[in-house]
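Breakdown of the fold
For reference, the chains in residue letters:
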Amino acid sequence: AKRPAVYAGPRGGGLVLSADADFLCIYDHDYGTGSRANGGCADTPGARPQSQLLEALRDWDAPGAYWYNELIVGGLSWQASLPRAIEAFLITHGDGRAVREQHANFLRAFKVCSWQVPLLRYTPGKSPAFSEVESSGVGCTPKAATSVAATSVAGRV
């Protein structure tokens, strides 16, 4: 099966958002929205509302689309929805040092455990594409169902 590309930014990873996380709009590919107010959601023809998330994700490889989907999240709703808006931290390339640090900081700040918000590695073309990465756990009691996390997230992607 064909797997979508994932943004390979300087930090080596990203986040897996919860299905019920609120966002302003989604693009089926990189629209270069970094300099636009609210990600250009109000004035860019390619912007789709949250109700069209599945269609935008399916169109990531449509003619003219390239690289990866772009999701624009509003700052106030993002802050209000943490920590539940994040399902996992994702290492996409390299040693993932920056992602590991952010994951550990997140676990400490929100007093959640790594089995609740796991650290995963995404390897396109490999089966399974998602694998769990050992993390610090930040003082949490290990849970027997830890290995379920990668399978659970992969089933939703």
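Refer to the structure above for everything that follows.
The present account deals with the structure reproduced in this document. Not measured: the values here are computed from a predicted model.

What the rule picks out here adds up to 1 salt bridge. One salt bridge in this structure joins R97 and D95, with 3.7 Å as the shortest N-O distance.

Moving on, we come to the nonpolar core. General note: in soluble globular proteins, nonpolar side chains tend to be found buried as a group. I86, F89, F106, V117 and L119 are the most contacted members of the largest nonpolar core, which has 13 residues in total. Breaking this core down by element, the ones donating at least two residues are β4 (86-91) and α3 (97-110). Setting aside its immediate chain neighbours within four residues, F89 contacts G14, L15, V99, Q102, H103, F106, V117, P118, L119 and L120. Residues A88, L120, Y122 and A129 belong to the second largest nonpolar core, which totals 7 residues.

On to the sheet that holds strand β5 (residues 119-122), then. Ordered by their spatial adjacency, 4 strands build an open sheet running β1-β4-β5-β6, and the pairing between neighbours is mixed. Two strands bound the open sheet, and with one partner strand each, they are β1 (13-17) and β6 (130-132). Adjacent strand axes in the sheet meet at a mean angle of 35°, parallel and antiparallel pairs treated alike. Note that β1 and β4 share 5 bridges and pair antiparallel. When the sheet's bridge partners are listed, L17 is paired in β4 with I86. Sitting on the sheet, α3 is in contact with β1, β4 and β5, with an inclination near 155° to β4.

On to the packing of aromatic side chains, then. Taken as a whole and assessed by the stated rule, the structure comprises 3 aromatic pairs. Geometrically, the ring pair formed by F89 and F106 is tilted, given 5.2 Å between the ring centres and 55° between the ring planes. Here F89, found in strand β4, pairs with F106, found in helix α3; they are 17 residues apart in sequence, far enough to count as distant. Residue F89 is classed as buried on the basis of its relative accessible area, which comes to 6%.

A few words now on the state of the cysteines. Using the criterion set out here, one finds 1 disulfide in the structure. There is a disulfide in this structure between C25 and C41, and the S-S distance comes to 2.0 Å. Taking the torsion about the sulfur-sulfur bond, which here is approximately -75°, the covalent link between C25 and C41 counts as left-handed. Of this pair, C25 sits in strand β2 (residues 25-27) while C41 sits in the loop between β2 and α1 (53-58), and the two are 16 residues apart along the sequence.

What follows concerns the environment of L24. For L24, the position within the fold is in the loop between β1 and β2. Sequence spacing of L24 and G75 is 51 residues, and the spatial spacing of their C-alpha atoms is 9.8 Å. Discounting residues that sit within four places of it in the chain, L24 has contacts with N38, C41, I72, V73 and G74.

Now for the side chain of S18. Tracing the sequence through the fold places S18 in the loop between β1 and β2. Judged by its relative accessible area of 8%, S18 is buried. In this structure, S18 is in contact with R84, A85 and E87, ignoring residues within four places of it in sequence.

Cut-offs and rules
- Residues numbered from 1 in each chain as written.
- Predicted model: local features only at pLDDT ≥ 70, side-chain atom pairs only at ≥ 80, totals over all residues.
- Heavy atoms only, no water.
- Salt bridge = Lys/Arg side-chain N within 4 Å of Asp/Glu carboxyl O.
- Core = buried A, V, L, I, M, F, W, Y, C linked by side-chain atoms within 4.5 Å.
- Buried < 20%, exposed > 50% of the residue type's maximum accessible area, 1.4 Å probe, protein only.
- Helix = DSSP H or I, 4+ residues; strand = E, 2+ residues; numbered from the N terminus.
- Contact = heavy atoms within 4.5 Å.
- Pairing = 2+ DSSP bridges.
- Axes fitted to C-alpha atoms, helices over the stretch in contact; angles between N-to-C directions.
- Phe/Tyr/Trp six-rings, centres within 6.5 Å; stacked < 30°, edge-to-face > 60°.
- Disulfide = S-S within 2.5 Å.

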